[in-house]
Amino acid sequence: MVIYNISVLVSGGGTNLQAIIDTINDGTIKNARIGLIISSNPKAYALERADREGIHTSVIRKKDFKNDEARGEAMARELAGAKTDLIVLAGYMNIVPEKVVNEYEGRIMNIHPALLPKFGGLGFYGLNVHKAVLAAGEKESGATVHFVDNGVDTGAVIKQGKVPVLAGDSPEQLADRVLEVEHKILVEAIVEWIASLRSQ
Ligand code: GRF
């Protein structure tokens, strides 16, 4: 039976990573394992989540490399070392070097906390996204799983999930509501990606 190796890129709290860990452990995600977690931030709580699960981690910080080509080389080596079949960006805050995007085209996905193509692109991350959604008077928001290309949040949409924007929502309240649907659709997208390979 083929077991697909997932590498997860993180920068922060890692709740999306935890959703993947939990759903591999409970059998929702079958035929896959997380072989590597790469963090852009040595202090990311996501790394503690990884350690609890005994998952191999690596920190690849922009400031440790003279340029994106060097960072891409290092990242590509780690990903190859882990025999990566699928890359999942889960709260990853750096731009993925072109070398990696090109090498893993069609098997690198990202979770974004808005209904792309709206409220995406440079500067639209974290609470900024939800502040913009509220400022625009949107009646609904949500999350998007999309393939990563060399743009910012511009790759083909894989799956979206919607949540209502409620009167009086603070950015934090909306973020919490969106985060729940992020976890749900990210896991679904991974399950469906694996199923699409197994059916070939
Ligand atoms: C989430 O809003 C996610 O969409 C964004 O980063 C935030 C934190 O994600 N990319 P996580 O809790 O670190 O997975």
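The rules we used
- Residues numbered from 1 in each chain as written.
- Predicted model: local features only at pLDDT ≥ 70, side-chain atom pairs only at ≥ 80, totals over all residues.
- Heavy atoms only, no water.
- Buried < 20%, exposed > 50% of the residue type's maximum accessible area, 1.4 Å probe, protein only.
- Helix = DSSP H or I, 4+ residues; strand = E, 2+ residues; numbered from the N terminus.
- Arc of directions from axis to C-beta.
- Contact = heavy atoms within 4.5 Å.
- Near = heavy atom within 4 Å.
- Polar contact = N/O pair within 3.5 Å; in protein donor to acceptor, adjacent residues only side chain to side chain.
- Areas by Shrake-Rupley, 256 points an atom, 1.4 Å probe, with all protein chains shown as cover.
- 1 Å grid on protein atoms, 1.4 Å probe; cavity = no way out; pocket = protein on both sides within 12 Å on 5 of 7 lines; lining within 4 Å.
- Sits in = over half its atoms within 2 Å of the grid points.
- Nonpolar A, V, L, I, M, F, W, Y, C, P; charged D, E, K, R; others polar.
- Core = buried A, V, L, I, M, F, W, Y, C linked by side-chain atoms within 4.5 Å.
- Points joined across faces, edges and corners; volume = space filled by probe spheres on them.
- Phe/Tyr/Trp six-rings, centres within 6.5 Å; stacked < 30°, edge-to-face > 60°.
- Axes fitted to C-alpha atoms, helices over the stretch in contact; angles between N-to-C directions.
- Parallel < 35°, antiparallel > 145°, perpendicular 65-115°, else oblique.
- Left-handed = near helix turned anticlockwise from the far one by under 90°.
- Pairing = 2+ DSSP bridges.

Draft legend 1. Here's a closer look at helix α2 (residues 45-53). Listed in full, the buried residues belonging to α2 are Ala-46, Leu-47, Arg-49 and Ala-50. All buried residues of α2 lie within an arc of 155° about the axis, which places them on one face of the element. Looking at α2, the residues exposed on the side facing more than 90 degrees away from the buried face are Asp-51 and Arg-52. Packing partners of the buried residues in α2 comprise β1 (4-10), α1 (15-25), β2 (32-39) and β3 (57-59). One or two positions beyond α2, positive phi appears at Gly-54, with a value near 70°.

Draft legend 2. Summary view of the site of the ligand. Contacts to the ligand come from Gly-12, Gly-13, Gly-14, Thr-15, Asn-16, Ala-90, Gly-91, Ile-111, Pro-113, Leu-179 and Glu-182. Within the backbone of Gly-13, one N or O atom sits 3.4 Å away from an oxygen atom of the ligand. Starting from 360 Å² of accessible surface for the ligand in isolation, the protein chains cover 82%. Its atoms largely coinciding with the cavity grid, the ligand occupies the largest pocket. In terms of residue class, the shell around the ligand is made up of four nonpolar, six polar and one charged.

Draft legend 3. Structural context of the nonpolar core. Counting residues in each nonpolar core, the largest one holds 41 residues, and the members touching the most others are Val-8, Ile-20, Ile-34, Met-109 and Ile-190. When near neighbours in sequence (up to four residues on either side) are disregarded, Ile-190 contacts Ile-6, Ile-20, Ile-29, Leu-86, Val-88 and Met-109. Of all hydrophobic cores here, the second largest spans 17 residues; its members include Leu-9, Tyr-92, Val-101 and Tyr-104.

Draft legend 4. Representation of unusual backbone geometry in the model. Look at the link from Leu-116 to Pro-117: it is a cis peptide, with omega at 15°. When you line up the elements, Pro-117 lands in the loop between β5 (108-112) and α5 (127-135). Within the chain, Lys-83 stands out as a residue other than glycine whose phi angle is a positive 50°. Tracing the backbone shows Lys-83 in the loop between α3 (68-81) and β4 (86-89).

Draft legend 5. View of the layout of surface pockets. Of the volumes computed, that of the largest pocket is approximately 1100 Å³. Around the largest pocket, the lining is made up of 46 residues, and of these Gly-91, Tyr-92, Met-93, Asn-110 and Tyr-125 lie nearest the centre. Secondary-structure elements contributing two or more residues to the lining of the largest pocket are α1, α3, α4 (98-103), β5, α5 and α6 (171-198). Along the lines of polarity and charge, the residues of the lining of the largest pocket split into 18 nonpolar, 19 polar and nine charged.

Draft legend 6. Structural detail: the packing of aromatic side chains. One pass over the full model with this rule turns up two aromatic pairs. Ring geometry for Tyr-4 versus Trp-193: centroids 6.2 Å apart, planes at 75°, classification edge-to-face. Taken as a pair, Tyr-4 in strand β1 and Trp-193 in helix α6 lie far apart in primary sequence, 189 residues in all. For the pair shown, Tyr-4 and Trp-193 are each scored as buried.

Draft legend 7. Up close: the packing of α1 against α2. Running from N to C, α1 and α2 point in directions that differ by 20°, and their axes come no closer than 9 Å. Considering the angle they form, α1 stands roughly parallel to α2. Viewed along their axes, α1 and α2 form a crossing whose handedness is left-handed. Listed contacts from α2 to Thr-15, Leu-17, Gln-18, Ile-21 and Asn-25 of α1 are Ala-46, Arg-49, Arg-52 and Glu-53. In terms of residue class, the contact of α1 with α2 is made up of three nonpolar, three polar and three charged.

Draft legend 8. Highlighting the sheet that holds β2. Strand order in this open sheet of seven strands is β3-β2-β1-β4-β5-β6-β7, and the pairing throughout is mixed. If you trace the sheet from one side to the other, it starts and ends with β3 and β7 (157-164), each paired once. Each strand of the sheet is rotated relative to its neighbour by a mean of 20°, with strand direction disregarded. Along the sheet, α1 makes contact with β1, β2, β4 and β5, crossing β2 at roughly 160°.

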